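Reading the structure
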Amino acid sequence: MRRFEIKVALRYLRSSGLQTLLILAGVAIGIVAYTFMAALINGLAVRLTDDVIGSIAHVILEPRERLPRLLDKPEGFSALVAVQRSNEKRPKIEGWRPLVERLEGLPEITAISPQVIGNGFFQRGEKVLPVGITGVEPARLSAIIDFEDGLIRGSTRLGSGDVLIGYRLADELGVTTGQRARLRSERGRERTLTVRGIFDIGSANANERLAFLDLRTAQTLLELDGAVTQIAMKVDDIYAAPRLAERLAGDTGLEAKDWIAENERLQGALRAQGTTGDLIKVFSLLTILIGVASVLLLAAVRRRGEIGIMRSMGVSQGSIRRIFQLQGFFIGLFGSSLGALGGWLFCRLLMELTVKPDGSTALPLDPALGEYSTAIAFATACATFAAILPARAAAKIDPVEAIHHD
Amino acid sequence: MIEAEPLVTVRQLVKTYRDAEIETQVLKGLDLDLEHGGFVALMGTSGSGKSTLLTVLGTLLRPTSGSIRIAGEEIVGLSEKDLTAFRNRTLGFVFQFHHLLPDFTALENVLFPTWVAKRGETRAARRYAEELLARVGLSDRARYRSTKLSGGQKQRVAMARALVNRPQLVLADEPTGNLDREASMQLMDLMREVSHEEKTCFLISTHDAEIASRCDRTIHIVDGRIADG
Ligand SMILES: Nc1ncnc2c1ncn2[C@@H]1O[C@H](COP(=O)(O)OP(=O)(O)O)[C@@H](O)[C@H]1O
Ligand SMILES: [Mg+2]
C-alpha cells in the first residue's frame, strides 16, 4: 500500500460530495438497522432470561432415581421392559446439612436452599384444590424466589403451621391472610395451616398451584424424617450453571439439573429470535454490499479518463485497484461508524419515548447490547469486499482507449 | 551516458490494430532516431498514425513487431510492471484532452508523478514542482482546483507535470489542439525553453505547420513510415 493510494481514495470520496454522502447514509442506515436489531434481540433475550432465572433455581441437586435393576438378559436377546418408578416414597437426601455447609463454601454459588417437594390438596369447605408443596427453611425463604418483592399481603415470616400461597390460589380457596385451610399431603397426612402471606411472583403456575411451608412442617406432612428432597441453588454466572451442575454431580453422587437444560422452551425461543435477528443483520449487510458495489462501479466508469492519465504517469494497475478497494474500505468504516452512533442514539431515543411513569421502559431494548464493533467490522469487511469487482474493472481500463476515445 | 547512442532508436516498428475481423496496419516498419534534448515536431494527416506512434513510444500500447530502445533500454517485451516504472521514471506525457486530475489542485497535479515514484514526494521535488509552476506562469494558481483553470492554463500545468520527474522524453499528442493561437504559441515557446534548458527531448505531434515551425526539427509520417529525417 502506497501513501498516494490512500490520498487519492480519500480525495475521490471527498470530491464526489453528494454521492459519497448518499452511500455513507446508505451504509449508516443499514448499520442502524443492524445495531437496533442486535440491541432489541439481545435486550429481549436478557429480559426473558432475567424473568425466568429470577424465580427459579439455577442448579438443583436431587437424589438419583433408583430404578429397578434388570436381571441379566440372555445373550442375543434384547430386553423390552417398562420401568415403573416407585411411588411409595420420594427419594430423599439424608444427611444434607454437611453437604449444604460444603456448598455454601463454593464462591460461584450465591444462594442455596434445601427443600422438600411434594404434592397435596387444599380443602376448604366444598373445595378441594391440588397444590405443589414446597418446604423451605424460613431463614432461606427468599433464596430462590424473591418473596419480599412478590408479597401482596401479609408477611413472609413462616412459622410452624404457616403457609404462603399465590393470590390466585387464595382467590380460588376464598381465603385471605390470617385465615386457615386444611392441607392433605400425598402421604395422606393432614394439617390445618394459617395463610401467613399472599404473593404474586409473576408465574401463573406458581401463583395458582404452589404452597410454601416451613421445612419441618412439610417434612412431617410428607413423612420425610428430617430429610430433604432437593437442594436448590443460585449461581453468579448463569451460563456456567451446566458446568457447575456436572461438577457437583460428580462430587456428590447426586443428580444435578441446571436451568438451561430444564428450560428447553426458553432456549428454543431465544435461538429462534437470534436467527431472526441474524437474518435481518445479513440483509442489512447485503444492501451495504450492493450499494457500495454499484456506487464504485459507476465511479470507475466515470473516472476512466483520469485512470488513463494516472496510468500514463506510471501508476500501476495494482495501485488503481487499491485506490478503489480503499474507497470501499473507507465508505464501510465511516458509514458504519456513523451508523453505530446512529443506532445507539436511535435506541436511546426510543427508550426515552416509551418510558413508563415508573421509570422502566416498555421496550426490551438494551442500547449497550447493540454489537457496535461487530457491526462496524462486518460492514467494513462487506464494503471492502464489495469494492473487489469495481476495483478490478478500474484496473483493467485500457489507458489508451481511456485517453483517446472519450 | 553514452552520447553516441540516440535517446530513442526505433527499428522496423509495425503496429496492426485488430478489431474483430478488420486488420488495420497503421505503422508499417517505421524507423526513427531522436537525439537527447531534441525538440521535434511530428506531422501527418489525420489518421496517419501520429497518436499510435506516440502511445507505442509511451509504452502504453505494445507494438506488433519491431524494436524500440529508449534511454539505452529495449522496451519491447518488458513486463507490465517494468513498463509502469519506466514510464514514471523516463517519460512525460501531454495530451490534447484529459489534461488534469480534476479533484486535485494545480500544484498537486504537478506533484502527482513524484508521489507515484518510489521515493515519493521529497522536499526537492516540491521545490522543483513550484519552480515549474512559476516557470509556466501559474504560481498564483498553485492552490486552485484544476477545474478552475482555463484551457491554456491547464495545458501549461500538464506540461509542468510531465516534467516534474525530470524525464528524458516528453511525448505531446497535439497539445495545442484545443487551444487558441495565442495560448498555443505561448505553450510552444515554453516547451522549447524547457527542452533546451533541461536537455529534455520533446516529440510533439501536430497537423499545424505553424506549430511545427516552432520546432528544431520536423518529421512527417506518411503511409506508416517516417518520410524524412
Ligand atoms: N484502437 C484502435 N482500433 C482500431 N483502429 C484504430 C485504433 N486506434 C486508431 N486506429 C486507426 O489507426 C489509424 C491511425 O490512428 P491515429 O494513430 O489516431 O492517427 P492520428 O493520431 O495521426 O490521427 C486510424 O485509421 C485509426 O482509425
Ligand atoms: Mg491523433
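Each residue is numbered by its place in its chain's sequence as written, counting from 1. Both sets of labels track the order of writing: A upward for chains, 1 upward for ligands. Under the rules for a predicted model, residues below a pLDDT of 70 receive no local features and side-chain atom pairs below 80 are neither given nor counted, while totals for whole chains, interfaces and linings still include all residues. The basis for every side-chain value is the complete set of heavy atoms in the structure, and neither hydrogens nor water enter the calculation.

A closer look at the nonpolar core
If you look at the biggest cluster of nonpolar residues, it comprises 118 residues, and the most contacted ones within it are A:V292, A:M310, A:F324, B:L30, B:F112, B:L169 and B:L203. Not counting the four nearest positions on each side in its chain, B:L203 is found in contact with B:L34, B:V40, B:L42, B:L54, B:L57, B:V170, B:L171, B:A172 and B:I219. Core analysis: the next-biggest nonpolar cluster, separate from the first, contains 50 residues, A:F122, A:V131, A:I231 and A:A249 among them. Residues grouped as a nonpolar core are buried Ala, Val, Leu, Ile, Met, Phe, Trp, Tyr and Cys residues, joined through side-chain atoms within 4.5 Å. Relative accessibility thresholds used throughout: buried, under 20% of the residue-type maximum; exposed, over 50%; partly exposed, between the two (1.4 Å probe, protein chains only). The contact rule is simple, with two residues in contact once any of their heavy atoms fall within 4.5 Å.

So, the sheet that holds strand β4 (residues 65-70) of chain B
All names here are of chain B. For two strands to be treated as a pair, DSSP must find no fewer than two bridges joining them. A helix here means a DSSP run of H or I that spans at least four residues, while a strand means a run of E at least two residues long, and both kinds are numbered starting from the N terminus. Sheet architecture is open: four strands sit in the order β2-β1-β4-β5, paired in antiparallel fashion. Each of the sheet's edge strands pairs with one partner strand only, and the pair in question is β2 (22-34) and β5 (73-74). Alignment of β4 against β5, held across two bridges, turns out to be antiparallel. When the bridges of β5 are listed, R69 appears paired with E74.

Here we look at the domain arrangement of chain A
Domains are outlined according to an automatic or database domain assignment. Parsing chain A into structural domains produces domain 1 (2-52 + 266-405) and domain 2 (92-228). Relative placement of domain 1 of chain A and domain 2 of chain A: their C-alpha centres are 56 Å apart.

A word on the side chain of A:K234
All names here are of chain A. In this fold, K234 is placed in strand β9 (residues 230-235). Counted as positive: Lys and Arg. Counted as negative: Asp and Glu, with His and the chain ends omitted from the count. Salt-bridge detection follows one rule: a side-chain nitrogen of Lys or Arg within 4 Å of a carboxyl oxygen of Asp or Glu. Buried and without a salt bridge, K234 has D146 as its closest oppositely charged side chain, separated by 8.6 Å. A distance of 3.5 Å separates the side chain of K234 from the backbone oxygen of I56, its partner in a polar contact. Setting aside anything within four residues of it in sequence, one finds K234 in contact with I53, G54, S55, I56, H58, E108, I109, T110, A111, A143 and I144. Two N or O atoms form a polar contact when they lie within 3.5 Å of each other; inside protein one atom must be a possible hydrogen donor and the other a possible acceptor, and for residues adjacent in sequence the pair counts only when both atoms belong to side chains.

Let's talk about the site of ligand 1
All names here are of chain B. Here a residue counts as near a molecule or strand whenever at least one of its heavy atoms sits within 4 Å of it. For ligand 1, the full set of nearby residues is Y17, D19, V26, T45, S46, G47, S48, G49, K50, S51 and T52. For ligand 1, a nitrogen atom lies 3.3 Å from a polar atom in the side chain of D19. Within the backbone of K50, an N or O atom sits 2.8 Å from an oxygen atom of ligand 1. Only β1 (8-19) and α1 (50-57) provide two or more residues apiece to the shell around ligand 1. With three residues, α1 is the single largest residue contributor to the shell around ligand 1. Within the shell around ligand 1, the residues separate by chemical class into two nonpolar, seven polar and two charged. Polarity classes work like this: nonpolar for Ala, Val, Leu, Ile, Met, Phe, Trp, Tyr, Cys and Pro, charged for Asp, Glu, Lys and Arg, and polar for all others, with Gly in that last group.

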